[in-house]
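# Architecture at a glance
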Amino acid sequence: MKRLFLLLSFVLIGSALCGQTVHNSKFTVKKGRIIFDTPKRAPGQQSMLGFAAEPIPVVRVGIIGLGMRGPGAVTRLGFIDNVEIRALCDLYPERIEENQRILEKAGMPRADEYSGEEGWKQLCERDDLDLVYIVTPWLQHVPMAVYAMEHGKHVALEVPAAQSVAECWQLVDTSERTRRHCMMVENCVYDFFELTTLNMAQQGLFGEIIHAQGGYVHCLEQYWSSYQGDWRFDFNKRHTGDIYATHGLGPVCQALNIHRGDKMNTLVSVSTGSFNGRKLSGKRDGDRTFRNGDQTSTLITTERGKTILLQHNVMTPRPYDRLYQLVGTDGYASKYPVEGYAFGDPDFAGDERPDIEALDTHGFVSEARKAELMRQYEHPIQRQLTEKAKEVGGHGGMDFIMDYRLIHCLQKGLPLDQDVYDAAEWSCIGELSAKSIEHGNAPVEVPDFTRSEWNRLPGLVFAE
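### Topic: the nonpolar core
- Among the nonpolar cores identified, the biggest contains 131 residues, and I63, Y133, L171 and L249 are the most heavily contacted of them.
- Of all the elements, helix α13 (residues 398-412) adds the most residues to this core, at eight residues.
- Setting aside anything within four residues of it in sequence, one finds Y133 in contact with V61, G62, I63, I64, A73, R76, L77, A156, V185, M402, D403 and L406.

Following this line, the structure appears as C-alpha cells:
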C-alpha cells in the first residue's frame, strides 16, 4: 500500500509539471570542476532583490497540505491579526475537518475545502487569495509554487524549496517574471540563539566572520513510518548528498551576508557508505539498495574568502545537532553541542610564556556573562515577539516568529526576510553535493541565482 501511495504521488507530480517550462539541470565538467549552466534572464523578468509588493492590510491565505506540518501552520496563523484563512486543501478530505476545528477554536470562519488530485490547482486559481502556503512532501513544492505564482499569488513553501538546480531556477524565474514573493519558510533562522547571535555578529562582536558550520543531525528511525506513503525514506533511498541542508545553512548564510555582499563559490562533498541506511532498508522492505550515505560532509568557499562546513546525518544515533557555529577574528559562537560565546583575551601581553599543558585557558565566557550578552544583544524582532511566540509554540516559538514576520512584511509592503534567492541557494545544495560525490568528490561551482547581482545589497536587513 505504501508503494501505491508513493507511485501515485510521482504520477501527480509528473502531471503537475505538464505544460510548464522546466530548465534541465545541465552541467559541464571543466578541468575537474562541475559547472552548472546559468540560463539568461528572459525579457520582462526583473530582479527580486529588495522587492516589496504593495501592502496587503488583510492577508487572505490558502493552505495546501494538512499532514504533519500543516495543522501547525493553521494554528499559528490563527494567532496573527488581520489574517483570513479562506481555503484548506489536502489529498485526503478527512484531514480538512480536523483543521476546520482549529479555525473554529481560534474564532475564525470555516474555510472553503479542496481535496483530491486537482484540489490544489483549484485553490491556486481562486481570485480572492493573496498567499498560498505549501506544506506538502518535497517533490510537490515547485510545481505547486510555480502554479500559485502564475495565478498571481505570493508563496510560502516548506523546506527544502526545491530538489534540483533546475527547480531552483524555475522558482527564481517564475518569481522574477510574475513579481510575486516566493519565500521558503526556514524556521531555524528565527530560533532565539540564532537571532541573538546574528545581532551580535551584525554589531561586530565577533569581528570578521571567517568560517561557519551548520548541519542537520537527527536520527529519524522512529519517524520514518509517519511520512505519508513512505516518501521521505524513499527519497533518502534514491538520492545521495546533503538532501536537507537548509536548517543548518540558512542561519550561517545570513551571518555571512550571502548574496548581500558575499556569495557561495564552490563546494566539495564527501559521504560515508550507507551502513544503517542499507540495513534499515533491508529490514523494512527486503531491499538493501540505499544511495544516501549515513554521514555527508560538505565544505563551501565564498567569494570573500570565507568557508562553510555542513553535515547531514539522519541514520545514526547521534544526539540532535544543527551545529550553528560562527568563527570570527575576535570571537566565536556555538549553539551545539554546548551553547556559548568566546572572545579574544584583551589582557594577554603577548610576551608571556604560555603553559602548553593548560588546555582550558581559553574557553567560553561564564554562564552569567553569556546571559548578560544575550539580554544586551537580544534581536529587536525577538524582543518584540518572544512572549507571544512561546505562548503559541512551534519548535519552541521560532515557527510563530517565522509566520509573523512573513505576514507583517506582506501587510506593510516590506521586503521579506528571506527571498527567492535564499530559497534557491539553500536548496540547491542537495543536487550540488550529490554531483560532487558522484564525480569522485569533485569541486562544484555554486550557481549565482542573482545573475551577478550578489553584491547589490549592503548586508542582511530585516525590514521594519
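That covers the picture; the talk isn't over yet.
### Notes on the sheet that holds strand β8 (residues 182-184)
- As summarised here, the arrangement of the six strands in space is β5-β4-β3-β6-β7-β8, forming an open sheet in which the pairing is parallel. Both outer strands of the open sheet, β5 (112-115) and β8, are each paired with one neighbouring strand and no more. In this sheet, neighbouring strand axes are inclined to one another by 20° on average, regardless of whether the strands run parallel or antiparallel.
- Note: strand β4 (residues 83-90) against β5, four bridges, orientation parallel. For D90, the partnering residue across the bridge sits in β5 and is S115.

### Comments concerning helix α14 (residues 420-427)
- Burial analysis of α14 places eight of its eight residues in the buried class, which makes it a mostly covered element.
- Residues V420, Y421, D422, A423, A424, E425, W426 and S427 constitute the buried set of α14.
- Against the buried residues of α14 lie α6 (165-178), β8, α9 (246-255), β10 (264-271) and α15 (429-438).

So, how was this worked out
Residues numbered from 1 in each chain as written. Predicted model: local features only at pLDDT ≥ 70, side-chain atom pairs only at ≥ 80, totals over all residues. Heavy atoms only, no water. Core = buried A, V, L, I, M, F, W, Y, C linked by side-chain atoms within 4.5 Å. Buried < 20%, exposed > 50% of the residue type's maximum accessible area, 1.4 Å probe, protein only. Helix = DSSP H or I, 4+ residues; strand = E, 2+ residues; numbered from the N terminus. Contact = heavy atoms within 4.5 Å. Pairing = 2+ DSSP bridges. Axes fitted to C-alpha atoms, helices over the stretch in contact; angles between N-to-C directions.

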